[in-house]
Amino acid sequence: MTLIKSISGIRGTIGGCTGDNLTPLDIVKFASAYSQWIRNRSENNEITVVIGRDARLSGEMVGSIIEGTLAGCGINVINIGLTTTPTVEMAVCGFGADGGIIITASHNPKQWNALKLLNEKGEFLNDAEGKLILEYAEKEEFGYAEVDYLGKITRSSYDDEHINQILALNLIETDKIKARKFKIVVDAVNSVGGIVIPELLRRLGVEVVELNCSPDGKFAHNPEPLPENLTEISAVVKRENADLGIVVDPDVDRLAIINEDGTMFGEEYTLVAVADYVLSKTGGNTVSNLSSSRALRYVTQAKGYMYAAAAVGEVNVVAKMKENGAVIGGEGNGGVIYPELHYGRDALVGVGLFLSLLAEKEIKCSELRKTYPEYYISKNKIELTPELDVDGILTTIKQKYSNEEVNDIDGVKIDFTDGWLHLRKSNTEPIIRIYSESRTLKDAENLAGRIIKDIREIAGLE
């Protein structure tokens, strides 16, 4: 199961057989389906789509195929090249385009790539829109443009504009950040973060120590910014006597912070800290997904505002943020969404807001972390096999724990007095994700162990 089709796009491993992996023919089919969808909904005679890619090894090949396919469908293409996911999202609006395609498999290893699809607002498609594109792809009833009506291809960049708009935000305390003379280590896992994060930091007066910042796609470690993958930067932060470390994933929509002593600030606490800062300045409601830490709810309610949980996925969080008028939100994986800039997870704006908070507090990174309640998340997964009945397993788990507070808008989340468990089938990998949280890591791991044992018994694996 290496080709995953979902409402947000198509993701798979490069090479192999058509329909089983992400091959050139699959790329053409889904780019054509997207073209058909965007043409059917647009009132414009000339349609423009922005595309951009991260630095993974297959990116140039995949981008060339998409560029040619869109042009073959009579759609104009603005290719902004090697860039971040949030930059593509912003560029769609900045260029007044009709949509966008981001070529990235985010945190997945190097053999993976994906097409992430955007609407004219630079936001991910909703459920109905995504399903319609999947229908078009299944039917394969595509029409292509005659030679006089092929789309035009232009190349540009939007990185500077993205950074400029961040620096222009009212809550970015540029002078205070410069006054702190921060020294920061940046680990960009040899992708596009190695271009934009150091540039943003230098414009904020930061001394930058670059680690894995060559955008050649040769990931120096597992690209998901989890503690077990970040031992190198932890050591470098201590060795360099840096104020903190910054880690981003390959497409720069997730942000993890390393304390000055080499310990983890906690990916879950990136959003908590940024929300704390934003709420202290503007007030307002917050949103995160069901798999995110309770700490955001605590910080929000402590300031007298309302917190709400959304189903996992950026599109779901954004919808809930709009519904609740949230001023800050995101996902506990380090994904910060700040509507004042745009409705998308954005590590760059997360960096600007986090440093503004740290500069204002005039304390160390580890000291800031201690100001927030202690919660620990254990993240586990079960590989899917054909014989596993995922829906049946989730239904049985829901019934077994019906005496607890259960939420089933996205898989099954069980809230206990001292913690919670969330089980859901991943949209991006062939796995069941099992997240648990409690006041100690041991308790969180025990919760996960209990549910994994339940699953194995239900599936007849015990």
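Above: the structure in question.
Keep in mind it's a predicted model, so treat the numbers as computed, not measured. (Residues numbered from 1 in each chain as written. Predicted model: local features only at pLDDT ≥ 70, side-chain atom pairs only at ≥ 80, totals over all residues. Heavy atoms only, no water.)

A.B. asks: Sorry if this is basic, but what is going on with the packing of helix H3 (residues 85–94) against helix H5 (residues 159–167) here?
C.D. replies: Closest axis-to-axis distance for the H3/H5 pair is 10 Å, and the angle between their directions is 90°. Between H3 and H5, the interaxial angle falls into the category roughly perpendicular. Between H3 and H5, the contacting residues are Pro86, Thr87 and Met90 on the first element and Asp159, His162 and Gln165 on the second. When its residues are assigned to classes, the contact of H3 with H5 shows two nonpolar, three polar and one charged. (Axes fitted to C-alpha atoms, helices over the stretch in contact; angles between N-to-C directions. Helix = DSSP H or I, 4+ residues; strand = E, 2+ residues; numbered from the N terminus. Parallel < 35°, antiparallel > 145°, perpendicular 65-115°, else oblique. Contact = heavy atoms within 4.5 Å. Nonpolar A, V, L, I, M, F, W, Y, C, P; charged D, E, K, R; others polar.)

A.B. asks: Just checking my understanding: could you explain the side chain of Asp251 for this structure?
C.D. replies: Structurally, Asp251 is set in the loop between strand E10 (244–248) and strand E11 (255–258). In this structure the side chain of Asp251 is engaged in a polar contact, spanning 2.6 Å, whose partner is the side chain of Thr85. Once residues within four sequence positions are removed from consideration, Asp251 is found in contact with Asp54, Thr84, Thr85, Pro86, Thr104, Ser106, Lys116 and Val192. (Polar contact = N/O pair within 3.5 Å; in protein donor to acceptor, adjacent residues only side chain to side chain.)

A.B. asks: Whenever I open this one, the packing of aromatic side chains confuses me. Can you help?
C.D. replies: Both the distance between ring centres and the angle between the ring planes are used here to describe each pair of aromatic rings. The tally for this structure, following the rule as stated, stands at five aromatic pairs. Ring geometry for Phe95 versus Tyr158: centroids 5.4 Å apart, planes at 55°, classification tilted. With Phe95 in the loop between H3 and strand E5 (99–103) and Tyr158 in the loop between strand E7 (153–155) and H5, the pair connects residues that are 63 residues apart, well separated along the chain. Residue classification places Tyr158 among the buried residues on the basis of a relative accessible area of 9%. Between the aromatic rings of Phe142 and Tyr144, the centroid separation amounts to 6.5 Å while the plane-to-plane angle is 65°, which identifies the pairing as edge-to-face. Under the relative-accessibility criterion, Tyr144 is labelled partly exposed at 45%. The positively charged end of Arg450 is found above the aromatic ring belonging to Phe416, 5.3 Å away from the centroid. (Phe/Tyr/Trp six-rings, centres within 6.5 Å; stacked < 30°, edge-to-face > 60°. Buried < 20%, exposed > 50% of the residue type's maximum accessible area, 1.4 Å probe, protein only. Lys NZ or Arg CZ within 6 Å of the ring centre and 35° of its normal.)

A.B. asks: I keep staring at the sheet that holds strand E9 (residues 207–211) and nothing clicks. Help me out?
C.D. replies: Strand pairing in a sheet relies on backbone hydrogen bonds. The paired strands run either parallel or antiparallel. Within the open sheet, the four strands sit side by side as E9-E8-E10-E11. Their pairing is mixed. With one partner strand each, in any of the chains shown, E9 and E11 form the two edges of the open sheet. This sheet shows a mean twist of 25° between the axes of neighbouring strands, independent of strand direction. Bridge analysis of strand E8 (residues 183–187) against E10 gives four bridges, and the strand direction is parallel. Residue Ile184 lies in a different strand from E10, and its bridge partner there is Leu244. (Pairing = 2+ DSSP bridges.)

A.B. asks: Is there a simple way to explain the layout of surface pockets in this structure?
C.D. replies: Over the atoms, a rolled probe matching the size of one water molecule traces out where space is still vacant. Estimated volume of the second largest pocket: approximately 580 Å³. The wall of the second largest pocket is formed by 21 residues, among which Pro227, Met264, Gly266, Tyr376 and Ile377 lie closest to the centre. In the lining of the second largest pocket, the residues fall into nine nonpolar, four polar and eight charged. (1 Å grid on protein atoms, 1.4 Å probe; cavity = no way out; pocket = protein on both sides within 12 Å on 5 of 7 lines; lining within 4 Å. Points joined across faces, edges and corners; volume = space filled by probe spheres on them.)

A.B. asks: How should helix H4 (residues 127–139) be read in this particular structure?
C.D. replies: Each α-helix turn comprises 3.6 residues. Residues three or four places apart therefore point the same way. Between its first and last C-alpha atoms H4 spans 19 Å; for 13 residues at 1.5 Å apiece the expected length is 18 Å, and the two agree. Along its buried surface, H4 packs onto helix H1 (24–41) and strand E6 (112–118). Where H4 begins, the capping side chain belongs to Asn126, and its oxygen is found 3.2 Å from the backbone nitrogen of Ala128. Just downstream of H4 lies Glu140, where phi reads positive at about 55°. (Expected span 1.5 Å × (residues − 1).)

A.B. asks: Can you help me understand the state of the cysteines in this one?
C.D. replies: In protein chemistry, a disulfide is the covalent bond that joins the sulfur atoms of two cysteines. This structure, assessed with the given rule, holds zero disulfides. Distance from the sulfur of Cys213, which forms no disulfide, to the nearest cysteine sulfur (Cys365) is 18 Å. Since its relative accessible area comes to 1%, Cys365 is described here as buried. (Disulfide = S-S within 2.5 Å.)

A.B. asks: Sorry, what's going on with the side chain of Ser292 here?
C.D. replies: Along the polypeptide, Ser292 turns up in the loop between strand E12 (285–289) and helix H10 (295–302). A distance of 2.7 Å separates a polar side-chain atom of Ser292 from the backbone nitrogen of Gly332. Setting aside residues no more than four positions away along its own chain, Ser292 makes contact with Glu268, Glu331, Gly332, Ile377 and Trp420.

These figures come from the coordinates and say nothing about function on their own.
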